[in-house]
Amino acid sequence: MPWESNIQARKDIESVVSLFAIHGASMVVVLNGVLADECPTSVRALLAAHPGYRDAAAQLLAAAPRVVGPQGLLYVAQRELAAAVPHDKNVSIIGSDDATSCIIVVVRHSGSGAVALAHLDGSGTGEAAAALVARALHLAAGYPEGRLELQLVGGFTDPHRYSDELFANIMLSFHRLSEEIDLTMACCCELNTALGGGAGSPLVTGVGVDVRAGDLFPATFPDKGPEMPLRAARTITGGPNSAQVLDIYDNGVGMLRIGPFNYDPLRGVDLWLEQTDDFILKHLSTTPNAEPPHFVHHIRVTLKFIQTHPFPAVTVFPDNRPHFYRRDEQTGLWAPMRF
């Protein structure tokens, strides 16, 4: 998680809590098959009332992780969301990875098989929860049977408790929605922490969902799809669009959609690029001891992109239109659309 995100997370959770204080709310998250009276805002509280969630997390942790290729993949990066349905010929797996202190949220409609997934870091959490439910219900229209199911994966017991704050924020965000949703898995925080060697580390940092089967599994995605430096630039800069969780998939036409968005120029980007790998890891991650080996390379590529495109509204989105990609039938990869 980039270092700016934890500040936004605290602001978001305070705003959600204040909304409850003003308006009140009825619990709509179903826990262990029962509509809960109170919203557990920690994994410890959840387990105290419903210890069965430990078994659901253990099943995921015991599953063999898969390395997923780019064919048929809809990859969701940090502060992005997307939704797909089983009969979508363009998407067979939807997923995300590199979630250390972040949490990956999956909402699935059991009747239609519609799946919506987001990679949340503390920014825009309430809006993202509402959007995930709205996307899943929209795609499930016409299916009389089925329920909404919620699965949370990622985060760990980090020294600053960023993941604990994020888990609380996510639970409160679903709590305030009007639709009932059944929490079926919460492999987060203490349930997703490997202890040993001093500092803890996350056990699972990525998941994929087989859209047709509905199965969720541990996964990594070496090829994350097009324009990742541009997509990542939003999360380490400020600006009017940087805190939003953007929907990157147009279900109606089966296209990956990137932007348009803007971000603020990053002051001192030249200086950042001159620093050592250790310095970048220490200062541009909230959890430097838990990051994957490619983290610094990913940051450097992103910083170079920002250096080249300090004003993306001018150089990347000059016509203020999204960049669209559609699935190439021969290769199975996303290919840019030319208009």
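Note that this is a predicted model, so its numbers are computed, not measured.

## Some points on the layout of surface pockets
In this approach a probe as big as a water molecule rolls over the atoms, and the regions it shows empty are the leftover space. When its volume is computed, the largest pocket comes out at roughly 690 Å³. Lining the largest pocket are 31 residues; nearest its centre among them are Y75, D98, K224, H294 and H298. Those elements giving two or more residues to the lining of the largest pocket turn out to be α6 (228-233) and α9 (295-308). When the residues that make up the lining of the largest pocket are grouped by side-chain class, the tally is 16 nonpolar, 10 polar and 5 charged.

## Remarks on the sheet that holds strand β3 (residues 66-67)
One open sheet holds the 5 strands; their spatial order is β3-β14-β13-β6-β4, and the pairing between them is mixed. Only two strands of the sheet have a single neighbouring strand rather than two, namely β3 and β4 (73-75). Across 4 bridges, strand β6 (residues 93-96) lies against strand β13 (residues 207-210) in antiparallel orientation. Across the sheet, the residue bridging to S96 is V207, located in β13.

## Points about the sheet that holds strand β16 (residues 249-250)
An order of β16-β17-β18-β19 is seen for the 4 strands of this open sheet, with the pairing classed as antiparallel. Either end of the sheet is taken by a strand with one partner, and the two such strands are β16 and β19 (334-336).

## Brief notes about the environment of R161
Among the secondary structure elements, R161 is positioned in the loop between β9 (148-154) and α5 (162-175). Along the backbone, R161 and I236 are 75 residues apart, and their C-alpha atoms lie at a distance of 20 Å. Of note is the side chain of R161, whose polar atom sits 2.9 Å from the side chain of D164.

## A closer look at the nonpolar core
Core analysis: the largest hydrophobic core is formed by 88 residues, its most contacted members being L74, I94, V105, L152, F167, F174 and L183. One finds V68, A77, F221 and M228 within the second-largest nonpolar core, a separate group that totals 9 residues.

Calculation rules
- Residues numbered from 1 in each chain as written.
- Predicted model: local features only at pLDDT ≥ 70, side-chain atom pairs only at ≥ 80, totals over all residues.
- Heavy atoms only, no water.
- 1 Å grid on protein atoms, 1.4 Å probe; cavity = no way out; pocket = protein on both sides within 12 Å on 5 of 7 lines; lining within 4 Å.
- Points joined across faces, edges and corners; volume = space filled by probe spheres on them.
- Helix = DSSP H or I, 4+ residues; strand = E, 2+ residues; numbered from the N terminus.
- Nonpolar A, V, L, I, M, F, W, Y, C, P; charged D, E, K, R; others polar.
- Pairing = 2+ DSSP bridges.
- Polar contact = N/O pair within 3.5 Å; in protein donor to acceptor, adjacent residues only side chain to side chain.
- Core = buried A, V, L, I, M, F, W, Y, C linked by side-chain atoms within 4.5 Å.
- Buried < 20%, exposed > 50% of the residue type's maximum accessible area, 1.4 Å probe, protein only.

Keep in mind these numbers describe shape, not what the thing actually does.
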